Amino acid sequence: MFRKHKAQWNARSEINTGFGSNSKNYGGRFVNKDGKANVEKKGIGYFEKLSWYHTLLIMPQLQFVLIIVAFYISINLLFGFIYFLMGPEDIMGISSPNHLHNFAESFFFSCQTFTTVGYGRISPVSYFASSISSLEALLGLLSLAVITGLLYGRFSRPKAYIRFSDNALLAPYRGGEAIMLRLAPYKNTLLSEVEAKVTLGIIVEEDGNKINKFFALPLEYNSINSLSLSWTIVHPINEESPFYNFSQKDYKNIKGEMIVFIKAFEETFSNTVVARTSYTLDEIVLGASFSSMYHRADTGDKTLLHLDQLNVYKKAALPKKLSSINSDND
């Protein structure tokens, strides 16, 4: 199988891809479906390799909220416990014989101090208690400033807001066949000057060793002026394509991955945004074509884009003369 394509792949492969050539050093796919590199960094301290600011900016919304709530509760539990240990001689207003009630009062006094609300019913009376509460107030001001910055950064950070189809397709195309994938913007953003690059990485065997070969896939259109509806990215399969002479068994048995990179200009923020994803060869559906996901509204004055139809495709017959369906011709 590898020998059948060896001369073709050697003639067209690229070197400057940003990925290594030794396939033994790789595990899994090059790029995850969410666009993140499938890499885990080792040999350095955990806190040294982690950028907390970037992590908090890009983590899922629910996880971010839970971390903020957990931090708020934890810091107030800590200071509340300190105030509880001080007792009524240091903290005025906490004097109940019920320890659970006193701890609850200490916790809420900590919340008031942390947020600089200060209702006044409970207050420090000793220098030590005043020092602790002053320290907590300073920590609260700094924490709220950081959280406010993170909230603004998450809210204002420009993103592509592009969704990709779950699968790529091997579809009939102008009397031949082509690899197709589809994407669409899913928010009310304005994306222009949209560019697409698709790189194919394949593990091949040379001199008894398996190595990575990479190919820049020529596309029907590398760029479009504006992305308002869906865009089907098409790689025609011809003699210049690394998929030329592929059989159905090749798509299932050869280990490879298509890495998709999208770059666009986001007009609202006047900034460049990017989106990435990847498709392994076994995620390519053979003999299918995408169904249309937009149509004219009944009123005739606008176009309706159905984002829930992004992954909908239908079976399509491939030209029988092409080797991609001659699965026995290996």
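What this report covers is the structure whose coordinates are included nearby.

What counts, and at which threshold
Each chain carries its own residue numbering, running from 1 in the direction its sequence is written. Two thresholds apply to this predicted model, a pLDDT of at least 70 for residue-level local features and 80 or more for giving and counting side-chain atom pairs, whereas whole-chain, interface and lining totals are computed over all residues. Hydrogen atoms and water are omitted, and side-chain values are computed over all heavy atoms in the structure. What counts as a helix is a DSSP run of H or I of at least four residues, what counts as a strand is a run of E of at least two, and both are numbered from the N terminus. Here the expected length of a helix is defined as 1.5 Å per residue gap, with one fewer gap than residues. Only protein chains enter the calculation, and the probe is 1.4 Å; a residue is then buried if its accessible area is under 20% of its type maximum, exposed if over 50%, and partly exposed in between. In this description, contact between two residues means that some pair of their heavy atoms is separated by no more than 4.5 Å. Pairing of N or O atoms within 3.5 Å defines a polar contact, subject to two protein rules: one partner must be a possible hydrogen donor and the other a possible acceptor, and residues neighboring in sequence count only if both atoms are side-chain atoms. Any pair of Phe, Tyr and Trp rings, taking the six-membered ring for Trp, is counted once the centres come within 6.5 Å. Such a pair is stacked with planes under 30 degrees apart, edge-to-face with planes over 60 apart, and tilted for the rest.

**Remarks on helix α5 (residues 99-114)**
Turn by turn, an α-helix covers 3.6 residues, leaving residues three or four places apart pointing in a common direction. Taking 1.5 Å per residue, 16 residues should reach 22 Å; α5 reaches 22 Å between its end C-alpha atoms and fits that length. Buried residues of α5: Asn 102, Glu 105, Ser 106, Phe 107, Phe 109, Ser 110, Cys 111, Gln 112, Thr 113 and Phe 114, and no others. Contacts from the buried residues of α5 go to α4 (61-86), β1 (91-92), β2 (123-124) and α6 (127-156). Among the residues of α5, the N-terminal cap falls to Asn 98, whose side-chain oxygen and the backbone nitrogen of Leu 100 are separated by 2.9 Å. Downstream of α5 by a residue or two, Thr 116 has a phi angle that is positive, lying close to 60 degrees.

**Topic: unusual backbone geometry**
Backbone geometry at Arg 174 places phi at a positive 50 degrees, although glycine is not the residue there. For Arg 174, the location among the structural elements is in the loop between β4 (168-173) and β5 (176-185). One non-glycine residue, Glu 193, lies in positive phi territory at about 50 degrees. Inspection of the secondary structure assignment puts Glu 193 in strand β6 (residues 191-206).

**Overview of the packing of aromatic side chains**
By convention here, two paired aromatic rings are described through the distance between centres and the angle between planes. By the definition in use, this model includes nine aromatic pairs. Taken together, a centroid distance of 5.7 Å and an interplanar angle of 80 degrees make the contact between Tyr 161 and Tyr 186 edge-to-face. Within this pair, whereas Tyr 161 is found in the loop between α6 and β3 (162-164), its partner Tyr 186 is found in the loop between β5 and β6, the two being separated by 25 residues in sequence. Accessibility expressed as a relative area gives 26% for Tyr 186, which makes it partly exposed. An angle of 80 degrees between the planes, with centres 5.3 Å apart, marks the rings of Phe 243 and Phe 246 as edge-to-face.

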